[in-house]
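Structural description and commentary
As a plain string of letters, each chain reads:
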Amino acid sequence: MIINKGFSPKHTSEHSLPPGQYETHDFPVLSKGYTPKIDTNNWKIRIHGLVSNPIVLSWNEFNALPSSEITTDIHCVTKWSKFNTVWKGVSLDTLVELVGLQGRATHVLAFTYDDYSTNLPVADILLNKAYIVTEFDQKPLASEHGGPARLLVPHLYLWKSAKWINELKFIDHEELGFWELRGYHRYGDPWKQQRYDSDE
Ligand SMILES: Nc1nc2c(c(=O)[nH]1)N[C@H]1C(S)=C(S)[C@@H](COP(=O)(O)O)O[C@H]1N2
Ligand SMILES: [Mo]
């Protein structure tokens, strides 16, 4: 057998598990409560706060925006990780370009149809680090996984990826979201195991 230096076999995983995680092929559902039933005819997303042009987009307006396919690993604080998940959605860069961020905007809060919220630094949603996704595995996103649309911020623990998203609010300070107010880490980097607020 001839092995070309510099080539690696296709099956070799380029992935690695963050500390304390295990790989799963399932897709567990984790929700704080009920799964809201959302008719896309009534779906809206509002983007406001420290922006030049606050907007409210309907489902059709949102879906007319340029979208991309994203293949990424995801990591849940309950210790499962899933490799190579495939999504389709709109980059937050596109949405930020639409509204125009004010220079003072340092953080963003995501709100949802089930009264959940989560907080993120602006730096963590730019440069194609975050998307609002409407498809998983080339099918409309299932309602229990946040359909019709959820946030996807794969470099942070999955509780940051707010399901059933309907609002982004840009602010000039850090305000904590639902789980961050209840003992989870304010930032949530899986590579640093930032699970709870007592973790560094
Ligand atoms: N709106 C909303 N988003 C949410 C949640 C929730 O309860 N409500 N749970 C979070 C948590 S704790 C996790 S781990 C992930 C789970 O996503 P999944 O159910 O698609 O696996 O969604 C996050 N997003
Ligand atoms: Mo979670």
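Look up: the structure comes first, before these words.
Described below are features of the structure shown in this document. (Residues numbered from 1 in each chain as written. Chains lettered and ligands numbered in written order. Predicted model: local features only at pLDDT ≥ 70, side-chain atom pairs only at ≥ 80, totals over all residues. Heavy atoms only, no water.)

Examining the overall build of the protein
What the protein contains, in helices and strands, is two helices and eleven strands. Walking the protein from its N terminus toward its C terminus, one meets helices and strands in the order β-β-β-α-β-β-α-β-β-β-β-β-β. What you see for the protein is a C-alpha radius of gyration of 17 Å, in line with the 16 Å of a compact globule of 200 residues. When the 200 residues of the protein are sorted by exposure, 48% land in the buried category. The contacts in the protein between residues at least 6 apart in sequence include a share of 69% that link residues at least 24 apart. In the structure as shown, the protein presents an accessible area of about 10,600 Å², 51% of it carried by carbon and sulfur atoms. Treating the 20 positive side-chain charges of the protein as one cloud and the 24 negative ones as another, the clouds have centres 1 Å apart. (Helix = DSSP H or I, 4+ residues; strand = E, 2+ residues; numbered from the N terminus. Rg over C-alpha atoms; globule rule 2.2 N^0.38 Å. Buried < 20%, exposed > 50% of the residue type's maximum accessible area, 1.4 Å probe, protein only. Contact = heavy atoms within 4.5 Å. Areas by Shrake-Rupley, 256 points an atom, 1.4 Å probe, with all protein chains shown as cover. Lys, Arg positive; Asp, Glu negative; His and termini not counted. Charge placed at Lys NZ, Arg CZ, Asp CG, Glu CD.)

Let's talk about the pattern of salt bridges
One pass over the full model with this rule turns up four salt bridges. Its salt-bridge partner being D172, residue R104 comes within 4.0 Å of it at the nearest N-O pair. With R104 in the loop between helix 2 (92-99) and strand 6 (107-112) and D172 in the segment after strand 11 (165-171), this pair connects stretches of sequence that are 68 residues apart. Between E174 and R186 there is a salt bridge, with its nearest N and O atoms 2.6 Å apart. One end of the pair, E174, is in the segment after strand 11; the other, R186, is in the segment after strand 11, and twelve residues separate them in sequence. With a relative accessible area of 44%, R186 lands in the partly exposed category. (Salt bridge = Lys/Arg side-chain N within 4 Å of Asp/Glu carboxyl O.)

Regarding the layout of surface pockets
Space inside the largest pocket adds up to approximately 360 Å³. L30, S31, Y116, W159 and W179 are the residues nearest the centre of the largest pocket, which is lined by 22 residues in total. Grouping the amino acids of the lining of the largest pocket by side-chain chemistry returns 14 nonpolar, four polar and four charged. (1 Å grid on protein atoms, 1.4 Å probe; cavity = no way out; pocket = protein on both sides within 12 Å on 5 of 7 lines; lining within 4 Å. Points joined across faces, edges and corners; volume = space filled by probe spheres on them. Nonpolar A, V, L, I, M, F, W, Y, C, P; charged D, E, K, R; others polar.)

Looking at the site of ligand 1
The full set close to ligand 1 counts 20 residues, and P28, K32, D114, H145 and K163 are the nearest of them. At 3.4 Å from a nitrogen atom of ligand 1 is found a side-chain nitrogen or oxygen belonging to T112. One of the backbone N or O atoms of S161 is found 3.3 Å from a nitrogen atom in ligand 1. At a threshold of 2 Å from the grid points, most atoms of ligand 1 map onto the largest pocket. Classifying every residue of the shell around ligand 1 by side-chain character gives twelve nonpolar, four polar and four charged. (Near = heavy atom within 4 Å. Polar contact = N/O pair within 3.5 Å; in protein donor to acceptor, adjacent residues only side chain to side chain. Sits in = over half its atoms within 2 Å of the grid points.)

Brief notes about the nonpolar core
Formed by 38 residues in total, the largest nonpolar core has its most connected members in F62, L95, I132, L151, L168 and F170. In terms of residues, this core owes the most to one element, helix 2, which gives four residues. Counting twelve residues, the second-largest nonpolar core is a separate cluster that includes I70, C76, F136 and L158. (Core = buried A, V, L, I, M, F, W, Y, C linked by side-chain atoms within 4.5 Å.)

Some remarks on the pairing of strand 5 (residues 80-91)
Here strand 5 lies mainly inside the structure; ten of its twelve residues are buried. One ladder, built from seven bridges, connects strand 4 (residues 68-75) with strand 5; its direction is antiparallel. Bridging across to strand 5, T71 finds its partner in V86. Relative to strand 8 (residues 131-136), strand 5 runs antiparallel, the two being bridged by five bridges. Paired with S91 across the bridge in strand 8 is Y131. (Pairing = 2+ DSSP bridges.)

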